[in-house]
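# Geometric and topological summary
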Amino acid sequence: MTSFTTKIDLGNNRDNEIKQILAYVHEALIEKGYNPISQMVGYIMSGDPTYITSHKGARSMIVRFERDEILEVVFKEYLKNNSPVSEE
């Protein structure tokens, strides 16, 4: 019988879910006529969910994650696309 360990990276799935929700929230804010970047920054900085529209359930989706988790994904994605240094 061969025994092996399977590594499961739940962080990557969570990161992808956060990215999808950020895109969804971005779209909902645009549909309601808001400046999406300004509104999302306001939410991240203050923790006040009323910065995010309830249109299409966007507010209830974004509050499922801690703000620090959201920032971590945003920074990872930015640095992955803009940093000359690899974190591998």
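Placed above this text is the structure.
Anyway, here's the lowdown on the structure attached to this text. (Residues numbered from 1 in each chain as written. Predicted model: local features only at pLDDT ≥ 70, side-chain atom pairs only at ≥ 80, totals over all residues. Heavy atoms only, no water.)

## Details of the pattern of salt bridges
Across all of its chains, the model carries eight salt bridges by this definition. With a closest N to O distance of 3.2 Å, K56 and E31 form a salt bridge. A residue pair is termed long-range when its members are at least 10 positions apart, and K56 in the loop between α2 (36–46) and α3 (58–62) and E31 in helix α1 (residues 10–31) qualify at 25 residues. Each member of the salt-bridge network shares a partner with another, and the members are D15, E72 and K76. (Salt bridge = Lys/Arg side-chain N within 4 Å of Asp/Glu carboxyl O. Helix = DSSP H or I, 4+ residues; strand = E, 2+ residues; numbered from the N terminus.)

## Some thoughts on a nonpolar patch on the surface
Taken together, the side chains of L71, F75, Y78 and L79 make up a nonpolar region of the molecular surface, amounting to roughly 410 Å² of accessible area. Mapped onto the elements, L71 comes out in helix α4 (residues 67–82). (Patch = residues over 30% accessible without salt bridge, like charges linked within 9 Å, V, L, I, M, F, W, Y side chains within 5 Å. Areas by Shrake-Rupley, 256 points an atom, 1.4 Å probe, with all protein chains shown as cover.)

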